[in-house]
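# Observations on the model geometry
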Protein chains: 2
Amino acid sequence: MSRELTVGVAQLGPIARSETRAEVVDRLFTLLHEAHDQRVELLVYPELALTTFFPRWWFEDEAELDSFYETEDPGTPGTATEELFKTATEMGIGIHLGYAELTADRHRYNTAILTERDGSLVGKFRKVHIPGHEDHEPHRRFQHLERRYFEESQEGFQVWRAFDGIVGMAICNDRRWPETYRVMGLSGAELVLIGYNTPLHYPPDPTQDPLQAFHNHLVMQSGAYQNGMWVVGAAKGGTEEGCELLAHSCIIAPSGQIVAQAVTNGDELIRARIDFDMCRNYKETLFDFDRYRRPEAYRQIIERKGPVPPP
Amino acid sequence: MSRELTVGVAQLGPIARSETRAEVVDRLFTLLHEAHDQRVELLVYPELALTTFFPRWWFEDEAELDSFYETEDPGTPGTATEELFKTATEMGIGIHLGYAELTADRHRYNTAILTERDGSLVGKFRKVHIPGHEDHEPHRRFQHLERRYFEESQEGFQVWRAFDGIVGMAICNDRRWPETYRVMGLSGAELVLIGYNTPLHYPPDPTQDPLQAFHNHLVMQSGAYQNGMWVVGAAKGGTEEGCELLAHSCIIAPSGQIVAQAVTNGDELIRARIDFDMCRNYKETLFDFDRYRRPEAYRQIIERKGPVPPP
């Protein structure tokens, strides 16, 4: 059994608020066909890949807010993505796609779905670390109301045996937290898929603005290295409804090295042939957790939420 | 009260096995005087700064092994470092110094001591993550017998109020583990001091050899950023008894940016004026732990030592 896999990232440029699902899916199709031409077996679309990044606006009309959410799993019959997933299955390509999920009992999540090459469902993941704020902050030119429009995942991080490896998911802000990679690393994750929409401007501390690309790679590269896993970052980029988004999609090896990187802010496919067995170089040596970790020294990580400074 | 501090790193070139404590201390003095000229208030010497990196050899003679350890705290009367610490106190310079500690009841630790500008003891830290191996591995040109020659710290990571900030310590391999920074970050650490001796050649996986400098900075930069803290890395560099050591000492801001970096493999002072209040840019925004962390999703980090893959 092969332990290699060709992974593609379908970076997306801006999605206008007026763009319909059908128009977006057309763009996803174009990238799918390009991925097929390049022998991709797993194609990773970004977070909230079917709509504009709507948490930048304050909505008072719930029906208007609802219009950005999917009420059924992408790919199921009758959805705008039915043909996309069907075609991917015909091509033997697995799909990772981020979307806003509205459940039947009206819970809202920032979710990603992952399908295998044969079209079967691998799993769904709901974002664990919801950034931004809950209330209208009029001083912001753009809101970041994820904490109003999404609930935190209750399931946390999971991994699945898929694509002949062990695969996990995280979404956007999850990637900044080392616990994200470590929890999945402690389930043997060999590949973690991460979609993101990251505004370049961060109103609470604009000194971070020029560092966004550096921070983006820093957290994913260190997560990959410190857990001996492949990490895939799929971005939305460009100027979307007047808001600049970080692109910089990339595929990162268990060494922490970037092996493929997007060079535009728009729709762009990148790909890499990844070898799951490369994870062993790290998981079985320097980061042999069974031999070297010291969980008894880490208790504060779960016993504390916020910092407790010394007296 | 000022929340700024001038921190220096006293990187050391190789220390020969034949070098006496007095000869090494002469070198430490030279760097101390240079630090004083440059208005340094806290000077950070590396791990095991008083001897060669002796875990590279297999010792059967316990007296020979003992000769590399200190049986009293550095700086105490009668020790080889008494005058060094005394002079530092006269200069108003705090000292961080790594050394091999042999306790009265014959426990062995890889330890660092930290003193304040007035010479008072801030604290001692014993290495938590001991790398390498326990037994003689004759296939290695150099051994890495830290797991034979040092016990793991039982106290774990601590922080202290010192230098008008909150300061912690870690040693060498500790810096590769994100838990190190996080545990101290959860005690409000604003500055973490890390000495290291890192051989460039890693026999269990030599593909890592050309990446040593990259990995060294990657883990310290991500630890700094993800916890909004200053991180100081003090290296031993150069070819020591035929074994090449990574230099690349550095001072890293809470942004993850390197603000000062050694450019030689030898004895070299670097310094930076650090502002503890810069930590707030991160600790109170993106990494406001109280607001954004999800400890209930991190349980595996302490419940598991090694990975438990899915069935």
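Source: prediction; values computed, not measured. (Residues numbered from 1 in each chain as written. Chains lettered and ligands numbered in written order. Predicted model: local features only at pLDDT ≥ 70, side-chain atom pairs only at ≥ 80, totals over all residues. Heavy atoms only, no water.)

Before going further, it helps to examine unusual backbone geometry. You will see that His248 of chain A, though not glycine, has its phi angle at about 60°, which is positive. Here His248 of chain A shows up in the loop between β11 (243-245) and β12 (250-252). Residue classification places His248 of chain A among the partly exposed residues on the basis of a relative accessible area of 29%. Positive phi values are uncommon outside glycine, yet Phe163 of chain B reaches one of about 55°. By the secondary structure assignment, Phe163 of chain B is in the loop between β6 (159-162) and β7 (165-171). Phe163 of chain B gets classed as buried once you look at its relative accessible area, which sits at 0%. (Helix = DSSP H or I, 4+ residues; strand = E, 2+ residues; numbered from the N terminus. Buried < 20%, exposed > 50% of the residue type's maximum accessible area, 1.4 Å probe, protein only.)

Residue and element names in this part refer to chain B. Spatially, β5-β4-β3-β2-β1-β14 is the arrangement adopted by the six strands of the open sheet, whose pairing is mixed. The open sheet is flanked by β5 (121-126) and β14 (268-275), the only strands paired with a single partner. Looking at each pair of strands side by side, their axes are set apart by 25° on average, direction ignored. As judged from the seven bridges shared by strand β3 (residues 94-102) and strand β4 (residues 108-115), these two strands associate in the antiparallel manner. (Pairing = 2+ DSSP bridges. Axes fitted to C-alpha atoms, helices over the stretch in contact; angles between N-to-C directions.)

Mapping chain A onto chain B calls for a screw motion: a turn of 180° about the axis and a shift of 0.0 Å along it, with 0.0 Å RMSD after fitting. Look at the turn and shift together and you get a two-fold axis relating the two. Mapped onto chain B, 99% of the interface residues of chain A again fall at the interface, so both copies present the same surface. (Least-squares fit on C-alpha atoms with pLDDT ≥ 70 in both. Contact = heavy atoms within 4.5 Å.)

The relative placement of two packed helices is expressed as an angle between their axes plus a distance between the axes. Residues and elements named next belong to chain A. Orientation of helix α1 (residues 21-37) relative to helix α3 (residues 82-91), taken along the N-to-C sense of each, is 5°, at an axis distance of 10 Å. Accordingly, the angle class assigned to the pair α1 and α3 is roughly parallel. Of the residues in α3, those in contact with Val25, Leu28, Phe29, Leu32, His33 and His36 of α1 are Glu83, Leu84, Thr87, Ala88 and Met91. (Parallel < 35°, antiparallel > 145°, perpendicular 65-115°, else oblique.)

Facing the 69 residues of chain A at the interface are 69 residues of chain B. With both chains or domains summed, chain A and chain B bury close to 6800 Å², and 58% of this area falls on carbon and sulfur atoms. Ranking the residues of chain A by area buried against chain B places Arg294, Ile302 and Lys305 of chain A at the top, with a combined share of 11%. Counting across the interface, chain A meets chain B through eight salt bridges. When the shortest N-O distance is used, the salt bridge between Glu134 of chain B and Arg291 of chain A registers 3.0 Å. Linking chain A with chain B are 53 residue pairs in polar contact (both at pLDDT 80 or more). (Buried area = accessible area lost by both parts, 1.4 Å probe. Salt bridge = Lys/Arg side-chain N within 4 Å of Asp/Glu carboxyl O. Polar contact = N/O pair within 3.5 Å; in protein donor to acceptor, adjacent residues only side chain to side chain.)

With that out of the way, let us pick up the pairing of strand β3 (residues 94-102) of chain A. All names here are of chain A. Most of β3 sits inside the fold, with nine of its nine residues counted as buried. For strand β2 (residues 42-44) and β3, the ladder comprises three bridges, and the chain directions are parallel. Among the inter-strand pairings, Leu43 is bridged to a residue of β3, identified as Ile95. Where β3 folds back onto strand β4 (residues 108-115) in an antiparallel hairpin, the turn is made up of five residues, including Arg106, whose phi is positive at roughly 65°.

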